[in-house]
Amino acid sequence: MTASPRVRARRRLAAFRITVFVVLGAFFVVPLLSMASFSVRVPARGRTLDYWKQLGENPELRSAIVTSLELAALTVALMLVLLVPTMVWVRLRVPGLSRIVEFLCLLPLTIPAIVLVVGLEGVYAWVTYFFGDSSLTLTFAYTVLVLPYAYRSIDAGLASIDVVTLSEAARSLGASWFTVIVRIIVPNIGSALLSAAFISVALVLGEFTIASLLNYENLQVVINLLGKSDAQTAVAASLASLLFAFVLLVLLSFVGRRSSRRVTATVAPAPATSTTTPREA
Amino acid sequence: MVTTSATRTGLEVRLDELRRSFGGVPALDGLSLTLGQGELVALLGPSGCGKTTALRIVAGLDEPDSGRVVVDGDDVTTLPASKRDMGMVFQAYSLFPHMTAQQNVEFGLKLRGQDGGQRRTRSIEMLELVGLSDQKDKFASQMSGGQQQRVALARALAIEPSVLLLDEPLSALDAKVRAQLRDEIRRVQLEVGTTTLFVTHDQEEALAIADRVGVMNRGRLEQLDAPEVLYSRPASAFVAGFVGLMNRVPTTVTGGTADVLGSRVGTLDGSIAEGQGDALVRPEQLTVAAAPGATSTVVHLSFLGSYSRITIRQAGGVELLAQVPAATVSDLTVGTAVTVSLLARTVLVASSDA
């Protein structure tokens with residue numbers, strides 16, 4: 001018995017989908033598998049996890065991982081403290097300034113990292129004078145770097161709720177401006193803030209250009225140095241940071257989905273592709 | 001039923017010569033108004049007349065260029081919204097989406113430092129007042145528009161506000177829910193006794209629930225009166241035209257009387273003293289009777305249940321709208337020659353260009 005044209009069309013579509021899935025999947029997975037394979041292979045000795053163990057044991061690498069994680073946390077904190085009240089204030093009190101704020105926040109996207117570094121060098125002479133030469137001072141540069149992505153994400157969150165009415169309702173019930181932001185606005189744009197935070201973490205963990213050119217050490221700089229003497233460990237560290245970023249993005253999509261189920265407000269997730277930007281920079 | 005703690009005598013609210021302009025365009029032009037204790041005053045007017053601006057100034061969400069807002073003798077003009085102790089229900093749905101109905105109602109109480117037990121008791125009490133205690137665990141997204149506005153009302157009343165401000169709270173609802181909630185707002189307001197300022201552009205809403213209705217035009221109060229007075233004795237052509245349907249019948253005033261549709265009637269305060277003008281006549285103040293050979297004819301007839309609306313064209317081309325009991329005009333059809341007479345003994349006569 002032969003299948004009907006409709007069933008045949010459905011089968012053809014299914015086959016097409018599987019083919020696309022396999023080809024695109026292979027495009028992403030094969031390099032990762034190659035990295036994984038390379039990071040556990042020792043010529044003439046077979047396979048070993050020694051290079052992965054090095055991630056915890058190599059003091060320079062361990063210190064770089066800690067520094068990058070601290071940088072990520074500080075960048076997220078500074079970005080949220082600067083951006084959330086500013087954006088809420090602009091929406092509530094000076095909506096006419098929104099275009100200017102948007103332009104300023106998106107500006108770092110248009111400036112190549114190398115140009116940014118030339119400008120930052122002069123600024124960092126003062127930063128070093130006031131805050132010392134710790135790698136953590138990169139927080140200031142990274143906060144500027146993550147602004148475009150964080151702005152987009154938070155802006156989408158704020159657009160999904162009626163900020164003006166909710167704020168006025170809270171104010172009429174006796175809430176101060178601080179209470180309005182912390183207890184009304186922030187909980188309602190939670191997934192947008194998480195999205196902004198995750199994207200910022202992924203950006204900071206992958207950032208190389210600014211740290212390297214300003215002579216600071218972070219994870220990517222150390223991986224680069226390590227690659228010259230111990231390629232397998234460097235690849236293991238790269239793969240680990242990539243996987244960490246993937247986990248963050250997966251978490252991000254789950255967080256967004258769960259919170260949109262609870263409240264009416266839905267927040268568009270930040271563009272996932274942006275995580276690759278610093279590596280390209 | 002609300003407990004004694006929830007019940008409180010309303011406070012007197014006075015608006016003194018409020019002025020506010022936006023970009024040089026006056027939104028409020030010397031608005032003065034006093035709300036008595038526990039009174040519900042509705043501000044009615046077309047879009048842009050300044051009614052919402054007035055309400056926002058009372059709430060502390062906007063500042064006047066000049067003038068004062070006085071509550072119970074205290075000048076609160078410069079107090080921020082958070083310190084004014086006023087409950088407000090907004091036109092847009094304003095429940096906090098991340099909180100349940102009960103948490104929404106508890107929010108203002110929490111800010112006032114009430115402990116958990118007190119808050120829960122009070123919030124349930126308020127939700128019962130608006131008939132939604134069974135919905136206390138629902139989020140805004142799980143409630144209908146009418147339910148959300150009722151929770152918003154409960155939330156505004158929970159803090160025992162000195163004044164309740166209602167900014168077109170029914171305008172986003174469908175007609176049936178709007179009528180139900182309108183009556184409910186009045187019931188709750190009478191039960192709680194809070195002085196209430198209600199802003200609306202819907203005259204039916206304003207006339208149905210307010211103790212007094214203020215009609216606003218271009219930032220000024222044209223008339224503030226009880227609904228029946230406003231309707232039967234409008235103080236200006238604008239009020240007459242804005243509240244209810246109105247015919248303009250050309251007439252001449254002489255010696256305090258006017259000849260309208262063949263009847264000589266008195267003129268109301270606010271009418272022109274002498275000369276030609278338009279008598280403002282409500283459709284229900286007209287009677288219509290078939291009269292073969294008469295110069296007026298029926299051009300449109302709408303049956304609306306217990307009454308009918310008839311459009312009549314007079315010999316001079318002037319059209320009149322009459323509203324009469326349906327049973328009295330069963331013999332009329334489009335084209336029937338009719339006579340139109342006036343039932344009222346006094347009318348407002350405005351100048352023709354007013």
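Residues numbered from 1 in each chain as written. Chains lettered and ligands numbered in written order. Predicted model: local features only at pLDDT ≥ 70, side-chain atom pairs only at ≥ 80, totals over all residues.

**Description of the overall build of chain B**
- When helices and strands are tallied, chain B shows 8 helices and 20 strands.
- With the principal axes as the frame, chain B shows a C-alpha extent of 80 × 45 × 35 Å.
- Residue pairs at least 24 apart in sequence account for 68% of intrachain contacts in chain B once pairs closer than 6 positions are excluded. (Helix = DSSP H or I, 4+ residues; strand = E, 2+ residues; numbered from the N terminus. Contact = placed C-beta atoms within 7 Å.)

**Focus on the confidence of the model for chain A**
- Here chain A averages 86 in pLDDT, while 90% of its residues score no lower than 70.
- A low-confidence stretch, residues 263–281 of chain A (pLDDT under 50), is modelled with 50 contacts involving residues beyond four sequence positions or located in other chains. (pLDDT = per-residue confidence, 0-100.)

**A look at unusual backbone geometry**
All names here are of chain B.
- Positioned with a positive phi, E17 is a non-glycine residue whose angle comes to about 45°.
- By the element assignment, E17 lies in strand 1 (residues 13–22).
- Assessed through the 13 C-beta atoms surrounding it within 10 Å, E17 is described here as partly exposed.
- Notably, L261 is not glycine yet its phi reads approximately 50°, a positive angle.
- Residue position: L261 is located in the loop between strand 12 (257–260) and strand 13 (263–267). (Buried ≥ 20, exposed ≤ 12 C-beta atoms within 10 Å, placed from the backbone.)

**What to know about the interface of chain A and chain B**
- Counting residues at the interface gives 20 residues for chain A, matched by 21 residues for chain B.
- Here the side of chain A that touches chain B gets 6 residues from one element, more than from any other, and that element is helix 7 (residues 163–172) of chain A.
- The class makeup of the residues in the side of chain A that touches chain B is 9 nonpolar, 7 polar and 4 charged. (Nonpolar A, V, L, I, M, F, W, Y, C, P; charged D, E, K, R; others polar.)

**A closer look at the domain arrangement of chain B**
- For chain B, the assigned domains read domain 1 (4–232) and domain 2 (245–350).
- Here domain 1 of chain B and domain 2 of chain B have C-alpha centroids that lie 39 Å from each other. (Domains from an automatic or database assignment.)

**A word on helix 5 (residues 113–131) of chain A**
Residue and element names in this part refer to chain A.
- Across its 19 residues, helix 5 extends only 23 Å between first and last C-alpha, which sits more than 12% below the 27 Å expected from 1.5 Å per residue.
- Residue E121 marks the point of greatest curvature in helix 5, where the axis turns by about 40°.
- G132 occupies a position one or two residues after helix 5 and carries a positive phi of about 85°. (Expected span 1.5 Å × (residues − 1). Bend = angle between axes of the 7 residues up to and from the residue.)

**Some points on the environment of A27 of chain B**
Residues and elements named next belong to chain B.
- Note on placement: A27 falls in strand 2 (residues 25–35).
- For the pair formed by A27 and E125, sequence separation is 98 residues and the distance between their alpha carbons is 39 Å.
- Aside from chain neighbours lying at most four places away, what touches A27 is R20, S21, F22, G50, T53 and G219.

**A look at the environment of R282 of chain B**
All names here are of chain B.
- Structurally, R282 can be placed in the loop between strand 14 (275–281) and strand 15 (286–290).
- Residue R282 is classed as buried on the basis of its 21 C-beta neighbours within 10 Å.
- Note: C-alpha distance between R282 and G244 (38 residues apart in sequence) is 7.7 Å.
- Excluding anything up to four places from it in sequence, R282 contacts G244, L245 and M246.

**What to know about the sheet that holds strand 19 (residues 337–342) of chain B**
Residues and elements named next belong to chain B.
- Taken together, the 5 strands give an open sheet; going across it, the order is 15-19-16-17-18, and neighbouring strands pair in antiparallel fashion. Unpaired on one side and paired on the other, strand 15 and strand 18 (319–325) mark the two borders of the sheet. Each adjacent strand pair in this sheet contributes to an overall mean axis angle of 35°, direction not counted.
- Pairing of strand 16 (residues 296–304) with strand 19, which is carried by 2 bridges, proceeds in the antiparallel orientation. What sits directly across from S296, in strand 19, is V338. (Pairing = 2+ DSSP bridges. Axes fitted to C-alpha atoms, helices over the stretch in contact; angles between N-to-C directions.)

**A few points about the packing of helix 4 (residues 98–110) of chain A against helix 6 (residues 138–159) of chain A**
Residues and elements named next belong to chain A.
- Contact geometry for helix 4 and helix 6: axes closest at 7 Å, N-to-C directions at 120°. What the angle tells us is that helix 4 and helix 6 run oblique. Seen along the crossing, helix 4 lies across helix 6 with a hand that is left-handed. Along its contact with helix 4, which presents E102, C105, L106, P108 and L109, the element helix 6 presents V144, L145, L147, P148 and Y151.
- For the contact of helix 4 with helix 6, a count of residues per class yields 9 nonpolar, no polar and 1 charged. (Parallel < 35°, antiparallel > 145°, perpendicular 65-115°, else oblique. Left-handed = near helix turned anticlockwise from the far one by under 90°.)

**Observations regarding the pairing of strand 11 (residues 247–254) of chain B**
Residue and element names in this part refer to chain B.
- Relative to strand 14, strand 11 runs antiparallel, the two being bridged by 7 bridges. When the bridges of strand 14 are listed, V249 appears paired with A279.
- As paired elements, strand 11 and strand 12 share 2 bridges and run antiparallel to each other. Pairing of V253 across the sheet is with A258, part of strand 12.
- The turn linking strand 11 back onto strand 12 is made up of 2 residues, and G255 within it adopts a positive phi angle of 60°.

**Some details on the packing of helix 3 (residues 59–92) of chain A against helix 9 (residues 190–206) of chain A**
Residues and elements named next belong to chain A.
- In the contact formed by helix 3 and helix 9, the axes pass within 9 Å of each other and the chain directions differ by 140°. The angle between helix 3 and helix 9 falls in the class oblique. With respect to the hand of their crossing, helix 3 and helix 9 are arranged in right-handed fashion. Facing helix 3, whose interface residues are S68, L71, A72, T75, V76, M79 and L80, helix 9 presents L193, A197, S200, V201, V204 and L205.

**Considerations on the nonpolar core**
- If you look at the biggest cluster of nonpolar residues, it comprises 161 residues, and the most contacted ones within it are A150 and I154 of chain A together with V58, A154, L165 and L197 of chain B.
- Here this core spans two domains, and each of domain 1 (4–232) and domain 2 (245–350) of chain B adds at least three residues to it.
- In this structure, A154 of chain B is in contact with V105, M126, L127, L129 and V130 of chain B, ignoring residues within four places of it in sequence. (Core = buried A, V, L, I, M, F, W, Y, C linked by C-beta atoms within 7 Å.)

**Quick word on the confidence of the model for chain B**
Residues and elements named next belong to chain B.
- Summarising the model, chain B shows a mean pLDDT of 90, and 97% of its residues fall at 70 or more.
- Predicted confidence in chain B is weakest over helix 5 (residues 175–192), with a mean pLDDT of 86, and strongest over helix 2 (residues 101–111), with 96.
- Scored below 50 in pLDDT, residues 1–8 makes 13 contacts in the model with residues more than four places away or belonging to other chains.
- Our summary of model confidence lists the complex with pTM equal to 0.77 and ipTM equal to 0.81.

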